[in-house]
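Spelled out from the first residue to the last, the chains are:
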Amino acid sequence: MKNKILINAVVNSILKVVKNLSKELHEPFLPKKEFKFINKTLHNKKFMIGPFVKKFEDKLIKLTKSKYVITTNTGSSALHISLKLIDVKNNDEILIPTLHYISSVNSTIYCGATPHFVDIEKNSLGVDCLKLDNYLEKISIIKKNKCINKRTGKIIKAIIILHTFGHSADIQNILKLCKKYKLILIEDAAEAIGSFYKNRHLGTFGKIGILSFNGNKTISTAGGGAILTGDKTLAKRARYLISNSKIPHIWKYSYDQIGYNYRMPNLNAAVGFLQLKYLKKILIEKRKLYKKYKKHFSKFNFIEIMDQPKFSKSNFWLQTLILNEKKQNIRDLILKKSYENKIMLRPAWELLHTLNHLKKFPKMNLDNAIKIHKRIINLPSSSYKIR
Ligand SMILES: Cc1ncc(COP(=O)(O)O)c(C=O)c1O
């Protein structure tokens, strides 16, 4: 079939699936009746400090079974604080899959450390553990319980894994790698609220995990994030760091370290708290949407739709098409045609190691990511029929 016909057929299939749904990439869901609670928060004028922060955190604890949850003003600030909590500094390298959101690198650089890019595998679009193991065998040595990069002399301190588009990375092998190479595991579960690996919520396997509640996430507080940890000392320190390192006191304002104003306002927490009530329903709708897309795309032999990896339950945050190599040349044409039809698809983020200002940082062979990146399309993924 000619490419033009294929492109039209793909775009028409998307249109059929999202006919009565939002054509945006992802919009949050909040029924009108819940707005009266938000009005109440406004009426009480408790914009910044108020009861919803704790209520929202308690609900997140119930959902994730994380021992501690500390909400923040963004997922990016949650990542930054995560690295502060494990004392990342300038002689450290942080392993980051090259297919990752920019905040992972920014947080690393804010701490004066070096991002070190690693490859992904096709199945989960998360870290390729086998390849990383072979690479670390070659370039690192363990000394005094620390993983030293033999080429740079720096400490490879941690890895920030990503649960891409809400799908679980290969947790079991990642945990083995972290043990073997003495790496601290930070889980970026920004996209993964409601996703599980072997019945355990993503973001709770590492020393620290983070969630995001920005405008396009499954649950949105406009801007917002959360730090998940099982460590009481870290949780206490996180709360202190995000409050400008204020010494706790009823009326006195004093600070004893550099801190950050990263708290989630009460108003945003109220929005998150109200939405969480609908999470179960939203996830059911998102799974239905996945099945619809799967049915419509099964007729194209050059397209795969990303399914949940083994042992996991995905939230299907962003539905994802992967074109085969022979048809990757039509990816951008599909995007263009969709935009003309006001359907908001998107490609994956540009690979981090290719960004001009990041080219100088160390990296392993990244062939898998380079190959697959050109073939990814995220589809409109809101679940809008529930009211
Ligand atoms: C994988 C990933 N990490 C981190 C973030 C940062 O979250 P936020 O936008 O809340 O700062 C995002 C948000 O887009 C994300 O998708």
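Residues numbered from 1 in each chain as written. Predicted model: local features only at pLDDT ≥ 70, side-chain atom pairs only at ≥ 80, totals over all residues.

> I'd like a description of the overall build of the chain, backed by residues and values.
Scanning the chain from terminus to terminus reveals 12 helices and 15 strands. Since a compact globule built from 387 residues should have a radius of gyration of about 21 Å, the 21 Å found for the chain is in line with a globular shape. Principal axes of the C-alpha set define a box for the chain whose edges measure 70 × 60 × 35 Å. Split into buried and exposed, the 387 residues of the chain put 48% on the buried side. (Helix = DSSP H or I, 4+ residues; strand = E, 2+ residues; numbered from the N terminus. Rg over C-alpha atoms; globule rule 2.2 N^0.38 Å. Buried ≥ 20, exposed ≤ 12 C-beta atoms within 10 Å, placed from the backbone.)

> How would you sum up the environment of Asn 244? Please name residues and give values.
Looking at where Asn 244 falls in the secondary structure, it is placed in the loop between helix 8 (232-241) and helix 9 (266-276). Linking Asn 244 and Asp 256, residues 12 residues apart in sequence, is a C-alpha distance of 9.2 Å. Every residue in contact with Asn 244, bar those within four places of it in the chain, is listed here: Tyr 255, Gly 259, Tyr 260 and Asn 261. (Contact = placed C-beta atoms within 7 Å.)

> I'd like to hear about the sheet that holds strand 14 (residues 320-323), residue by residue, with values.
Backbone-to-backbone hydrogen bonds pair the strands of a sheet. The strands run either parallel or antiparallel. Strand order in the open sheet formed by three strands is 12-14-15, with antiparallel pairing between adjacent strands. Of all strands in the sheet, those with a lone pairing partner are strand 12 (303-305) and strand 15 (376-378), marking the two edges. The mean angle between the axes of side-by-side strands here comes to 25 degrees, regardless of whether they run parallel or antiparallel. (Pairing = 2+ DSSP bridges. Axes fitted to C-alpha atoms, helices over the stretch in contact; angles between N-to-C directions.)

> Talk me through the sheet that holds strand 9 (residues 200-201); I want residue IDs and the actual numbers.
Judged by pairing direction, the sheet is antiparallel, and its three strands sit side by side in the order 9-8-13 without closing on themselves. Two strands lie at the open edges of the sheet, namely strand 9 and strand 13 (312-313), each paired on one side alone. Relative to strand 13, strand 8 (residues 196-197) is paired through two bridges, and the arrangement is antiparallel. Across the sheet, Tyr 197 pairs through a bridge with Ser 312, a residue of strand 13.

> How would you summarise unusual backbone geometry if you had to cite specific residues and measurements?
Phi angles above zero are rare outside glycine, and Lys 144 is one such case at about 50 degrees. Mapped onto the elements of the fold, Lys 144 is located in the loop between strand 4 (140-143) and strand 5 (146-149). You can call Lys 144 exposed: it has 7 C-beta atoms within 10 Å. Despite not being glycine, Lys 198 shows a phi value in the positive range, around 45 degrees. Among the structural elements, Lys 198 can be located in the loop between strand 8 and strand 9. The class of Lys 198 is exposed, set by 12 C-beta atoms lying within 10 Å.

> Outline helix 11 (residues 331-340), supporting the account with residue identities and numerical values.
When helix 11 is considered as a whole, its buried residues turn out to be Arg 331, Ile 334 and Ser 338. Axial view of helix 11: buried residues confined to an arc of 60 degrees, hence all on one face. Turned more than 90 degrees off the buried face of helix 11, the exposed positions are Asp 332 and Glu 340. If you follow the buried residues of helix 11, they end up packed against helix 1 (3-17), strand 14 and strand 15. Backbone geometry just downstream of helix 11 places Lys 342 in the positive-phi region, at approximately 60 degrees. (Arc of directions from axis to C-beta.)

> Got a sec to walk through the nonpolar core? Specific residues and values, please.
One finds Ile 174, Leu 183, Leu 185, Ile 210, Ala 226 and Ile 227 to be the most contacted residues of the largest nonpolar core, which totals 102 residues. In terms of residues, this core owes the most to one element, strand 6 (residues 155-162), which gives seven residues. Split by domain, the residues of this core number at least three in each of domain 1 (3-29 + 278-378) and domain 2 (32-276). Beyond its immediate stretch of four places on either side in the chain, Ala 226 contacts Leu 60, Val 69, Ile 70, Thr 71, Thr 72, Ala 78, Ile 210 and Leu 211. (Core = buried A, V, L, I, M, F, W, Y, C linked by C-beta atoms within 7 Å. Domains from an automatic or database assignment.)

> Help me get a handle on the site of the ligand, residues and values and all.
Lining the immediate environment of the ligand, one finds Thr 74, Gly 75, Ser 76, Tyr 101, Ser 103, Leu 162, Asp 188, Ala 190, Glu 191, Ser 212, Asn 214 and Gly 225. For the shell around the ligand, the class distribution of residues is three nonpolar, seven polar and two charged. (Near = placed C-beta within 6 Å. Nonpolar A, V, L, I, M, F, W, Y, C, P; charged D, E, K, R; others polar.)

> Could you give an account of the domain arrangement of the chain, with specific residues and numbers?
The assigned domain composition of the chain is domain 1 (3-29 + 278-378) and domain 2 (32-276). Measuring from the centre of the C-alpha atoms in domain 1 to the corresponding centre in domain 2 gives 25 Å. Counting from both sides, the interface comprises 38 residues of domain 1 and, opposite them, 40 residues of domain 2. The residue inventory of the side of domain 1 that touches domain 2, partitioned by class, reads 24 nonpolar, 11 polar and three charged.

> A description of the pairing of strand 7 (residues 184-188) should follow, citing residues and the corresponding values.
Buried residues dominate strand 7, accounting for five of its five residues. The pairing of strand 6 with strand 7 spans five bridges and is parallel. Pairing of Ile 160 across the sheet is with Ile 186, part of strand 7. Where strand 7 meets strand 10 (residues 208-212), three bridges bridge the pair, whose relative direction is parallel. Among the inter-strand pairings, Ile 186 is bridged to a residue of strand 10, identified as Ile 208.

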